[in-house]
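Examining the three-dimensional arrangement
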Amino acid sequence: MNSQADNSKRFFIKTLGCKVNQYESQAMREILLRAGFKECLARDIADIYILNTCTVTNRADKESRYWLGFFHKANPKAKIVVTGCYVERDSNDISFLPGIAHIIKNDEKNRIAEILTNTNPVAQYPMPTAQGPYNPLTITDFKNHTKAFVKIQDGCENCCSYCKVPLVRGPLRSRPVTDILKEVKILVEKGFKEIVLTGVCLGAWGKDPYTKAILDSWPGGKGLGLVDVLKAMVKIPGDFRMRLSSIEPRYVTEDLIDFISKNRRICRHLHIPFQSGDDEILKKMDRPYTAEGYRAIVDKARSRIEDVAITTDILIGFPGESDKNFKNTMDFIREILPARTHIFTFSQREGTKAHGMEGLINKAILKKRYYELEVAALSSSYIYRKRFMDKKLDILVETKRDRLTGLLTGYSDNYIKVLFDGPDSLMKEIVPVTIEDMTLSYTLGRYEPV
């Protein structure tokens with residue numbers, strides 16, 4: 001293979017799934033550009049298609065296979081590179097598909113340029129462990145994003161019975177604080193007004209054995225965790241705010257709530273998945289809390305963080321979920337009143353404890369429950385947003401207008417999406433907007449220049 005010829009190839013990256021995947025796609029983009037590759041904007045003229053896959057549900061697997069077929073039809077002569085979580089355990093399902101040139105595991109994403117140029121094709125990186133230093137991907141920009149995501153850890157220590165993520169992401173590994181701060185400074189200097197900290201199990205930063213041993217050896221370092229990353233970040237100069245991505249209930253500690261309550265640079269928003277409002281189902285899911293325990297966390301956060309937005313994930317249709325179990329979840333949603341709820345349906349994942357469990361829910365019943373929960377979630381969101389009527393919120397304006405209305409759109413620090421009229425010059429800026437009207441789905445505002 002001629003490496004010089006390959007360096008002139010044009011690539012296109014398609015990303016499926018979570019913020020971690022989006023971060024890693026940006027890192028691969030930068031690696032390829034540094035190696036002399038060129039990124040193309042139109043899928044039908046790419047020489048190399050890179051699909052960064054997700055495998056959290058059966059639907060995600062199906063979407064990955066769809067895009068592989070789409071790419072081959074778009075350019076049958078192109079090379080297709082498949083990476084991401086789907087290939088970690090199911091590479092045999094796609095290796096025979098036409099056009100597949102390379103299958104790259106998550107821990108080999110940083111080798112993408114040398115793999116494509118054939119400079120070191122037989123090199124194999126060992127499977128990551130929690131016993132040694134973590135050598136993460138890095139970024140200096142975040143293409144086509146108003147917010148920049150910064151990945152600070154990988155791996156998951158939770159073993160939820162339905163979840164495949166721990167099987168494909170490996171053990172906990174934490175990124176050094178110095179590396180995190182260096183990357184954040186670069187992104188802030190690039191003009192990003194919001195930095196979103198993300199990870200596979202964000203709240204577990206610092207808990208892997210290697211990082212914990214280092215932290216414990218420092219004077220006053222014993223017991224350091226996510227809050228200490230935030231403490232270091234708030235000292236970075238610049239006009240920007242910080243947001244936490246999804247964080248499990250067990251990591252929403254007194255210290256975290258207290259620190260957020262006293263630092264307005266940290267967005268008043270906690271995305272805390274609770275998955276079910278029924279204790280019987282939570283136990284079957286191997287979730288380490290009860291509905292009452294989750295309620296106590298939410299109450300504590302709301303009592304100390306002014307106007308905090310609590311958003312969440314709900315998983316419906318877990319095997320054996322009765323009408324009574326589901327009703328408890330509906331009642332819990334109406335009580336907790338999340339500002340936004342992401343609804344997922346149970347998906348059998350091979351290798352998980354819940355795979356093959358009896359009591360799968362009929363599709364017709366599942367569809368009915370989904371719509372009932374969706375209505376409750378929209379109503380809950382409306383109730384939360386309604387309290388901000390005629391109030392002023394600081395909105396980070398997206399770089400794309402709303403497709404249906406043509407209005408500017410953006411998010412407040414407490415995660416309210418607002419549409420309003422204004423010039424393109426406001427894009428990527430944080431501006432004051434007064435809330436004027438809202439529906440179940442939309443919040444409308446008026447831009448008021450300072």
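These numbers come from a predicted model, not from an experiment.

Thresholds, definitions, all that
Residues numbered from 1 in each chain as written. Predicted model: local features only at pLDDT ≥ 70, side-chain atom pairs only at ≥ 80, totals over all residues. Heavy atoms only, no water. Helix = DSSP H or I, 4+ residues; strand = E, 2+ residues; numbered from the N terminus. Buried < 20%, exposed > 50% of the residue type's maximum accessible area, 1.4 Å probe, protein only. Polar contact = N/O pair within 3.5 Å; in protein donor to acceptor, adjacent residues only side chain to side chain. Contact = heavy atoms within 4.5 Å. Pairing = 2+ DSSP bridges. Salt bridge = Lys/Arg side-chain N within 4 Å of Asp/Glu carboxyl O. Axes fitted to C-alpha atoms, helices over the stretch in contact; angles between N-to-C directions. Parallel < 35°, antiparallel > 145°, perpendicular 65-115°, else oblique. Left-handed = near helix turned anticlockwise from the far one by under 90°. Nonpolar A, V, L, I, M, F, W, Y, C, P; charged D, E, K, R; others polar. Patch = residues over 30% accessible without salt bridge, like charges linked within 9 Å, V, L, I, M, F, W, Y side chains within 5 Å. Areas by Shrake-Rupley, 256 points an atom, 1.4 Å probe, with all protein chains shown as cover. Lys, Arg positive; Asp, Glu negative; His and termini not counted. Charge placed at Lys NZ, Arg CZ, Asp CG, Glu CD. Phe/Tyr/Trp six-rings, centres within 6.5 Å; stacked < 30°, edge-to-face > 60°. Expected span 1.5 Å × (residues − 1). Arc of directions from axis to C-beta.

Counting through the fold element by element, Arg 29 comes out in helix α2 (residues 19–34). On the accessibility criterion, Arg 29 (12% relative accessible area) is buried. A polar side-chain atom of Arg 29 sits 3.0 Å from a polar atom in the side chain of Glu 39. If near-sequence neighbours (up to four positions away) are discounted, Arg 29 is found in contact with Phe 11, Ile 13, Glu 39 and Lys 143.

Across the sheet, five strands lie side by side as β2-β1-β3-β4-β5; this open sheet has parallel pairing. Pairing within the sheet leaves two strands with one partner each, and these edge strands are β2 (38–39) and β5 (100–104). Two strands pair when backbone bridges link them, and strand β1 (residues 10–15) and strand β3 (residues 48–53) are joined in this way by five bridges, in the parallel orientation. Paired with Ile 13 across the strands is Ile 50, a residue of β3.

Our next topic: the pattern of salt bridges. Pairing between side chains of opposite charge can happen when their charged atoms approach one another. Evaluated as defined, the whole model comprises 42 salt bridges. Here Lys 151 makes a salt bridge to Asp 154, at a shortest N to O gap of 2.8 Å. The closest approach of N and O atoms between Lys 353 and Asp 286, which form a salt bridge, is 3.4 Å. On the criterion of sequence distance, the pair formed by Lys 353 in the loop between β12 (340–345) and α14 (363–386) and Asp 286 in the loop between α11 (279–284) and α12 (291–304) is long-range, its members being 67 residues apart. A network of salt bridges, in which partner residues are shared, links Glu 24, Lys 109, Lys 151, Asp 154, Arg 169 and Arg 173.

Okay, the packing of helix α10 (residues 254–262) against α12 next. A packed helix pair is summarised by two numbers, namely the angle formed by the two axes and the spacing between the axes. Orientation of α10 relative to α12, taken along the N-to-C sense of each, is 25°, at an axis distance of 9 Å. With respect to α12, the element α10 is oriented roughly parallel. In terms of crossing hand, the pair formed by α10 and α12 is right-handed. Contact residues: Glu 254, Ile 257, Asp 258 and Ser 261 in α10; Ile 297, Lys 300, Ala 301 and Arg 304 in α12.

In this section: the packing of α12 against helix α13 (residues 323–336). Look at α12 against α13: their axes get within 11 Å of each other, and the N-to-C directions meet at 10°. Judged on the interaxial angle alone, α13 and α12 are roughly parallel. Between α12 and α13, the contacting residues are Ala 291, Tyr 294, Arg 295, Val 298 and Arg 302 on the first element and Phe 332, Glu 335 and Ile 336 on the second. Partitioned by chemical class, the residues of the contact of α12 with α13 number five nonpolar, no polar and three charged.

On to the pairing of strand β15 (residues 417–420). One ladder, built from four bridges, connects strand β14 (residues 408–412) with β15; its direction is antiparallel. Following the sheet pairing, Gly 410 is matched in β15 by Val 418.

Glancing now at a positive patch on the surface. A surface patch of like charges, here positive, comprises Arg 59, Lys 62, Arg 65 and Lys 363. Looking at which element gives the most residues to the positive patch, the answer is helix α3 (residues 58–74), with three residues. Position of Arg 59 among the secondary structure elements: in helix α3. Judged by relative accessible area, which is 71%, Arg 59 ranks as exposed.

Let us now look at the pairing of β12. Here strand β11 (residues 309–316) pairs with β12 via six bridges, running parallel. Opposite Ile 314, over in β12, you have Ile 343 as the bridge partner.

Turning our attention to the packing of aromatic side chains. One pass over the full model with this rule turns up 16 aromatic pairs. Ring geometry for Phe 274 and Phe 332: centres 4.8 Å apart, planes at 80°, overall edge-to-face. Residue Phe 274 is located in the loop between β10 (269–271) and α11, and its partner Phe 332 is located in helix α13; the two are separated by 58 residues in the primary sequence. A relative accessible area of 3% places Phe 332 in the buried class. Here Phe 318 and Phe 346 contribute two aromatic rings whose centre-to-centre distance is 5.5 Å and whose plane-to-plane angle is 70°, an arrangement assigned as edge-to-face. Taken as a pair, Phe 318 in the loop between β11 and α13 and Phe 346 in the loop between β12 and α14 lie far apart in primary sequence, 28 residues in all.

Let us look at helix α7 (residues 177–189). Its 13 residues place the ends of α7 18 Å apart at the C-alpha level, agreeing with the 18 Å of an ideal helix rising 1.5 Å per residue. When α7 is considered as a whole, its buried residues turn out to be Ile 180, Leu 181, Glu 183, Val 184, Leu 187 and Val 188. Projected down its long axis, α7 carries its buried residues within an arc of 165°, all on one side. Looking at α7, the residues exposed on the side facing more than 90 degrees away from the buried face are Thr 178, Lys 182 and Glu 189. Buried residues in α7 make contact with α2, β6 (148–154), β8 (194–199) and α9 (226–233). Phi turns positive, to about 105°, at Gly 191, one or two residues after α7.

Looking now at the sheet that holds β6. One key point about sheets: their strands pair by backbone hydrogen bonds, in either a parallel or an antiparallel sense. If you trace the four strands from one edge of the open sheet to the other, you get β7-β6-β8-β9, paired in mixed fashion. Of all strands in the sheet, those bounded by a partner on one side alone are β7 (173–174) and β9 (241–244). The sheet contact formed by β6 and β7 spans two bridges and is antiparallel. Note on β7: the bridge partner recorded for Asp 154 is Arg 173. Packed on one face of the sheet, α2 meets β6 and β8 and runs near 105° to β6.

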